[in-house]
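Summary of structural features
Take a look at the letters that make up each chain.
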Amino acid sequence: MKRIMLVCSAGMSTSLLVTKMEKAAEERGMEADIFAVSASEADGKLNDTENPVNVLLLGPQVRFMKPQFEEKLAGKNIPLEVIDMKDYGMMNGENVLNTAIALMDQ
């Protein structure tokens, strides 16, 4: 089971994208726990050792926080990327899932 965490400013705008990503994962037969949190909730999820996050994707509206998250993730072996603005705007769950998978496979 792969855990994919999306971070946005309030955790709300990415909920539709999560739903679309879950549908894309289901169509592939992929077991994934995909969820969205606000930037303020992210630390708690990153420190959850029982349910470790496999990849972290930042919503375009919080791309400015990437350096802060890079610092938090140092030594944790959790890939980080900003979600493509076009994929985010179009709510293209399949493309965002592809990005997450590619990051985990590196």
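Just so we're clear, the structure is a prediction, and the values are computed from it rather than from any experiment.

On to the environment of Glu94, then. By the element assignment, Glu94 lies in helix α5 (residues 93–104). For Glu94 and Pro60, which are 34 residues apart along the polypeptide, the C-alpha to C-alpha distance reads 17 Å. Look past the residues within four positions of Glu94 in its chain and what remains in contact with it is Ala24 and Arg28.

Among the nonpolar cores identified, the biggest contains 18 residues, and Ile4, Leu6, Leu17, Met21, Ile34 and Leu57 are the most heavily contacted of them. Listing elements by their share of this core, those giving two or more residues are β1 (2–8), α1 (15–28), β3 (55–58) and α5. With residues near it in sequence (within four places) discarded, Leu57 still touches Ile4, Met5, Leu6, Val7, Met21, Glu81, Ile83, Val96, Thr99, Ala100 and Leu103. Residues Val7, Ala42, Leu46 and Leu80 belong to the second largest nonpolar core, which totals 17 residues.

Analysis parameters
Residues numbered from 1 in each chain as written. Predicted model: local features only at pLDDT ≥ 70, side-chain atom pairs only at ≥ 80, totals over all residues. Heavy atoms only, no water. Helix = DSSP H or I, 4+ residues; strand = E, 2+ residues; numbered from the N terminus. Contact = heavy atoms within 4.5 Å. Core = buried A, V, L, I, M, F, W, Y, C linked by side-chain atoms within 4.5 Å. Buried < 20%, exposed > 50% of the residue type's maximum accessible area, 1.4 Å probe, protein only.

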